[in-house]
Each structure stands twice: as structure tokens, then as C-alpha cells.
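# Topology and contacts: notes
Here's the letter readout for the chains.
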Amino acid sequence: MPQTASDIFVEALIDWGVEVIFGLPGDGINGVMEALRTRQDRIRFVQARHEEAAAFMAVAYAKWTGKLGVCLATTGPGGTHLLTGLYDAKFDRAPVLAITGLPYHDLIGTYTQQDIDHTKVFQDVAAYTTAIYGAQHVRQATALACRAALADRGVAHLAFPSDVQEQSLENDEPSPRHKADPRVTYTENARLPDDEAIAGAAEVLNAGRRVAILAGQGALAAGAELARTAELLGAPIAKALLGKAVLPDDHPYVTGGVGYLGARPSQQVLEACDALLIVGSNFPYVEYYPQPDQARAVQIDLDPRRIGLRFPAEVGVVGDAAASLRALNDRLQARTDPSFLAQAQAWKREWLDALAEGAHRPGKPMKPQRVVFELNRRLPPDAIIAADSGFNTALAAQYLMIREGQTFGVSGTLASMGCGLPYAIGACIAHPDRTAVAVVGDGGLSMSLAELATAARYRLPIKVVVINNGSLGQIKWEQMLFLGNPEFGCELAPVDFAKVADGLGVRGLRVEDPEAIGPALEDAFATEGPVLIDAVVDSAEIMLPPKRREAYMEHLAQAFKTGTAGQDAIQQRMREEPAATSLKR
């Protein structure tokens, strides 16, 4: 039989190294689905229960492999459902190709069924977006889309009219200028830094007496070089959340996370430094950086548009993080005064002691810190950890001590709820020999709950830990701490997620006793296939940023005066929590 445009398209994806596509079928994409069906031995289709989750899976796959992540959806709402996950790819710079259907080519723009022009809708999120206009157009458009996603480390989009999907190559006459199909080649820029910029960066950093490093996801492949830089400068390393796996959290130079969800010693370091080296980070919370007149700064980034975007960089080095750090290290003068690093290490010990003490407070309801503290002790050496967005993210950021061989992912700049479980699924598809752990809240899990059925269908070794506090915890605390308003609209109807998991084919365990959480986690990790632990925790536990401004306390007092349910319990928890109490200093 003659090859259809869909056959040519799927063959082109295989040629580009695509091994898996996440998505949901529909009548507007059935031509492509048929081409996938007949090539199951060479390319895998993973069925999600919602297109948004499929996009998150593709993002996670791209983040944890460096390869092209691919997601697929049908016409109209199928395509628009992808958008949230695709914005995650855009903001966190993950290469993802989205494929969507369109109505019949001669009905586009005529208000027919599901007549949404995806090429227009996707213009903001995608670096490259086009419709496929015929079978002869497929290879050229596919090559450009794949190259654009890889080169921009972002989103590319192809929209396929449903009848064009079925068109044979013989029935699409090529134009006179269509002489050759593109080769399947992609060459990375060498991304080598400029010598003059390296010299300027070395001058700034050598002059500093108290140098701090802020590392983000752009440094993930430069851990050894970053550690050498820190050693030469005697510089503590604070990590943005996307860079949590740059170096292990027990590394002697690492102070932990930074910012709203970060660790107090990192904030203390940033407030005390006189020079700052930013490596591969677009950390957005500007209030957590040093004062602009306090510290000279050097920034290393692949993208020249990011230099000086968050903090005024005296010297910008545009290039690959590992190559730039190697060149920089050759020009750095080794420090002989270890006092700044020693102070940072003392701050870190104090902080970790406070976290451990807070996690071991007895009684019911169980403290949410206890859940993640016990999880941290039992994580497999090669665990892939995905967090959702919310209160659970702060717990994962502070209590999960990433070790060598472990990786961590989250929806970073987009910070979308509902990403945690799909991320873990994408991680398992990317690395089927490793255990994926999703740390999620009851709010975020509710948004992607049906994907438990996906985990069950493919028997994925996912362990889902639900911080079930009956509320949208982060939003609740933001209402009170940031605005001085009482909590409103954040309380959630109770859900027994263990029972729901059982109904969706995943083993569910419900835990309310703090003494039972450790054994439950051991049981989960000893069980093959997916397991969910529904940890019912204290909803009065407050989430305080490590930089405790007096304004937060004033706002909280204002919220209490206006009237906030459970405020007596909240005040009592604040008095009991060592990590929160230590922030008063």
C-alpha cells in the first residue's frame, strides 16, 4: 500500500530518535495513531488519561534524558489541553514536540466541529509552529520542528489536518522548488565562553573575600567543575530548586536550597557575601538575592538574554556551564581563609538539627515534616524524585537530601499544580530500571488523579507520597502571610486517596500515626509496581520562608484579627516548630 503522510511522519520521528510518544487518541489524529499502531516494534505510544498529563510526561522525559519529549492530542480541546504542560517545557527549557490534529483542510476556519486553529493558539508557547499542508511537506516540517525544539530547548508544534494525515505521497504533487528532503542531522553549538569574559569573571571573584555560588539547572552536567570552583573560592553553594541535583546535599560546600522554599543557611550566605557567582540559574525571586550594592556578581548562562535578568551582573559569561567553569578555574586563586565556608557549614548544621527536631514532634495529627523526613531516610540510591507544586514542594526542597546518583524534578518557573504524578510516570518511562517517587499534595494530586490508572496499566515502579492536609496549603499561607487576609477557598473536601488508588489499580496505604509512616514506606519500596501512601497530616503546620521578614508576622497577626479558622492551633504549632522558631533570629 502507498505510504500516507502519517506513515512518512512517524518514520521521520523514528529517524530523529524518538522512542516514545505520550498522548490520548481522538478522531482528529487517528491517521497518526494508525501509523503508530503499525510500528509498535520501533516506537512506543503511552496512553495518558488527560492531555495535560501527557504533556507533563513528555517534559519529564525530556528533562531526565536530554532527548526530545513528544506528546500528541486530537483537534480542538485535545490540543488546548496540552498547553499547561507545554508552558512548563518553555519556562524550564525542555525540548518537547507537540503533535495535534486539525479539521479537514478545506473546513479550517469555517466554524466546523472542534475548529480551533492550533497554529495560532500555540504561537506564544512554541519556538516553531506550523500546519502540515501535504504529504510532501511532512519531512521538511518535521525536521525543522525537531531542530527548533532541540536548539531552543523549548517547544515545537506540528498541526496535522485529519484528511492530510491520510494523503499518500503520490497524491501530493511536489512544487518545482521541492528538490530534496532534509537530512536527519542536528549539530550543537560548541558554546565555548569568551576568553575576555572569563578573565573579567576571574578578576571579580578573586577580589571577593566572601564568595557565594548560586547554581541552577544549567549546572546539572557540571557538578565536578562546580565543586572545584567552590573549593578554589572557599564558596558555599546555594541551589535553586531546579538545580537541586547539581551536587549532593551532604556535600561540604552545599548549604541547601534557596528562596521561598529554601534553606536558612543559603539565605544567610547570600546576605553575608560580597561576591556572587550565578551558574545556570534563572531563579526568579529577586528578594532573596543579595542587595545589589552589597555584592559584585558574575553570571554564567547559555542564553545571553538571561545575563543580568534577576541580579546586576558585572561580568556575563555566555557558554556551557562545564566549559565555562573549567576555563574559569584555571584563572582562580585558591583561598587560604576558610572562615566564610566554616560559618556557612555551622549555619547548615544548626538548620538540619532544627529540621530533624521539628520532624520528630510526637502526637496526632502527624506532622507533615515527619513524612518527608522518613521518606528521605529510605530513598533508593538511584531514586528519581518528582515533586508537585504547593506545600509539598517546600517539604521536598528542605527535607529530601539528594545523594549522589539521585535526581530531582519539578515544574520550576511555571510551578503548575498537578505535575508530580505525570512527572514520575515520564521518569519511569525514561528510566524503567529505576524507582520514581512522587511527593504530592492532596490539591495537586486531585488534578491528575486519573493518571494512577496509567501507572497501574504500565506497572510502573512509582511510589506516590501524598501530603494530605485537607487544604491548598501554600495558597492558604500566602493569603495570610503575604496579604494579611484570612484563609478563604483553600479548604478541601476530605478524600481517602488510598481507597481511590485501590480502585484505580494501585496499592493504597493510609497512614495517620507518625510511628507508622516509616514501616509504610518500607512496605511501599518492597512492593513491586505502583504504591500510594496517603499520609494524613496536621493542617495547622505553617509554611514560613527562610527569610522571615517582620511583614509576614504583621500580616499573620492581621489575618488572625480578621478571623481565621484554627488560629489557636496555628500559633501553638509556631511555638513548637524549632525550624520556624530559629527564623526569628
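Provided above is the structure to which this section pertains.
Just so we're clear, the structure is a prediction, and the values are computed from it rather than from any experiment.

## A word on the environment of alanine 215
- Among the secondary structure elements, alanine 215 is positioned in strand S7 (residues 211-215).
- Distance in space between the C-alpha atoms of alanine 215 and valine 258 is 9.7 Å, their sequence separation being 43 residues.
- Residues within four places of alanine 215 in sequence aside, it is in contact with Leu226, Ile237, Ala238, Lys239, Ala240, Gly243, Val246, Val279 and Ser281.

## Overview of the packing of helix H13 (residues 368-378) against helix H20 (residues 517-526)
- For the pair H13 and H20, interaxial distance at closest approach is 9 Å and the crossing angle is 45 degrees. Here H20 runs oblique to H13, going by the angle between their axes. Relative to H20, the crossing made by H13 is right-handed. In this structure, H13 contributes Arg370, Val371, Glu374, Leu375 and Arg378 to the contact, and H20 contributes Ile517, Gly518, Leu521, Glu522 and Phe525.
- Broken down by class, the residue content of the contact of H13 with H20 amounts to 5 nonpolar, 1 polar and 4 charged.

## Examining the layout of surface pockets
- The volume enclosed by the second largest pocket comes to roughly 300 Å³.
- If you go around the second largest pocket, you meet 16 residues; those closest to its centre are Lys476, Glu487, Glu491, Ser539 and Ala565.
- Across the lining of the second largest pocket, the residue classes tally to 6 nonpolar, 7 polar and 3 charged.

## As for the sheet that holds strand S17 (residues 507-511)
- Here we have 6 strands laid out as an open sheet, ordered S14-S13-S15-S16-S18-S17, and parallel in their pairing. The open sheet has two edge strands, strand S14 (407-409) and S17, and neither has a second partner. Going from strand to strand, the sheet's axes swing by 15 degrees on average, the running direction of each strand aside.
- Where S17 and strand S18 (residues 531-536) come together, 5 bridges link them in parallel fashion. What sits directly across from arginine 507, in S18, is valine 531.
- Strand contacts of H13: strand S15 (436-441), strand S16 (462-468) and S18, with the helix running at about 160 degrees to S16, the strand carrying the most contacts.
- Across the sheet, helix H15 (residues 420-430) touches strand S13 (384-387), S14, S15 and S16, and the angle it forms with S15 is around 175 degrees.

## A short note on unusual backbone geometry
- The residue after lysine 364, namely proline 365, is reached through a cis peptide bond having omega 0 degrees.
- Among the structural elements, proline 365 can be located in the loop between helix H12 (339-359) and H13.
- The backbone phi angle of tyrosine 111 is positive, close to 65 degrees, even though this residue is not glycine.
- Overall, the relative accessible area of 81% leaves tyrosine 111 in the exposed class.
- Of note in this structure, glutamine 114 is not a glycine but carries a positive phi near 55 degrees.
- Note on placement: glutamine 114 falls in the loop between strand S4 (96-102) and helix H6 (118-121).
- On the basis of relative accessibility, which here comes to 27%, the residue glutamine 114 falls in the partly exposed class.

## Comments concerning the sheet that holds strand S10 (residues 275-279)
- Within the open sheet, the 6 strands sit side by side as S9-S8-S7-S10-S11-S12. Their pairing is parallel. The open sheet has two edge strands with one neighbour each: strand S9 (254-257) and strand S12 (315-318). In this sheet, neighbouring strand axes are inclined to one another by 15 degrees on average, regardless of whether the strands run parallel or antiparallel.
- In this sheet, S12 lies alongside strand S11 (residues 296-301) in parallel orientation, the contact comprising 4 bridges. Residue pairing for S12: isoleucine 300 is matched across the bridge by valine 317.
- Sitting on the sheet, helix H9 (residues 223-233) touches S7, strand S8 (237-239) and S10, and the angle it makes with S7 is about 165 degrees.
- Packed onto the sheet, helix H10 (residues 264-272) meets S7, S8, S9 and S10 and runs at close to 110 degrees relative to S9.

## Quick word on empty space enclosed by the protein
- Scanning the entire structure with this criterion turns up 5 cavities of 30 Å³ or more.
- In this structure, the second largest cavity occupies an estimated 100 Å³ of space.
- As for the second largest cavity, its lining consists of 16 residues, and the residues nearest its centre are Thr255, Gly256, Ala263, Trp351 and Met401.
- Listing elements by their share of the lining of the second largest cavity, those giving two or more residues are S9, H12 and helix H14 (391-399).
- Of the residues forming the lining of the second largest cavity, the biggest block, 4 residues, is contributed by S9.
- Partitioning the lining of the second largest cavity into residue classes produces 8 nonpolar, 5 polar and 3 charged.

## Let's talk about the pairing of S10
- A large share of S10 lies buried, amounting to 5 of its 5 residues.
- Burial of the side chains of S10 extends over both faces: Ala275, Leu277 and Val279 are buried on one face and Leu276 and Ile278 on the other.
- The pairing of S7 with S10 spans 5 bridges and is parallel. Residue pairing in the sheet places valine 211 in a bridge with alanine 275 of S10.
- One ladder, built from 5 bridges, connects S10 with S11; its direction is parallel. The partner of leucine 276 across the bridge, within S11, is alanine 297.

## Regarding helix H7 (residues 138-152)
- Under the 1.5 Å per step criterion, the end-to-end length of H7 is 21 Å for 15 residues, consistent within 8% with the ideal 21 Å.
- Of all the residues in H7, the buried ones are Val138, Ala141, Thr142, Ala143, Ala145, Cys146, Ala148, Ala149 and Leu150.
- Arginine 153 lies just past H7 and shows a positive phi near 50 degrees.

What counts and how
Along every chain, residues carry numbers that run from 1 in the direction the sequence is written. In keeping with the predicted nature of the model, local features appear solely for residues at pLDDT of at least 70, side-chain atom pairs appear and are counted solely at 80 or more, and the whole-chain, interface and lining totals rest on all residues. Hydrogens and water molecules were not included; the side-chain quantities draw on all heavy atoms of the structure. Think of it this way: any DSSP run of H or I at least four residues long counts as a helix, any run of E at least two long counts as a strand, and we number them from the N terminus. Pairs of residues are marked as contacts when any of their non-hydrogen atoms sit within 4.5 Å. Inter-axis angles, ranging from 0 to 180 degrees, are taken between N-to-C directions of lines fitted to C-alpha atoms, where helices are fitted over the stretch in contact. If an angle is under 35 degrees, it is roughly parallel; if it is over 145, roughly antiparallel; if it lies from 65 to 115, roughly perpendicular; otherwise it is oblique. Handedness of a crossing follows from how the near helix is turned relative to the far one, being left-handed for an anticlockwise turn of less than a right angle and right-handed for a clockwise one. Charged means Asp, Glu, Lys or Arg here, nonpolar means Ala, Val, Leu, Ile, Met, Phe, Trp, Tyr, Cys or Pro, and polar covers whatever is left, Gly included. Using only the protein atoms, space was sampled on a 1 Å grid; points where a 1.4 Å probe fits but cannot get out form cavities, open sets with protein on both sides within 12 Å along at least five of seven lines form pockets, and lining residues are those with an atom within 4 Å of a point. Grid points are joined across faces, edges and corners, and a volume is the space filled by probe spheres set on the points. When DSSP finds two or more bridges between a pair of strands, those strands are recorded as paired. Buried means the residue's accessible area, taken with a 1.4 Å probe over protein chains only, is under 20% of the maximum for its type, while exposed means over 50%, and partly exposed covers the values in between. Multiply 1.5 Å by the residue count of a helix minus one, and that product is the helix's expected span.

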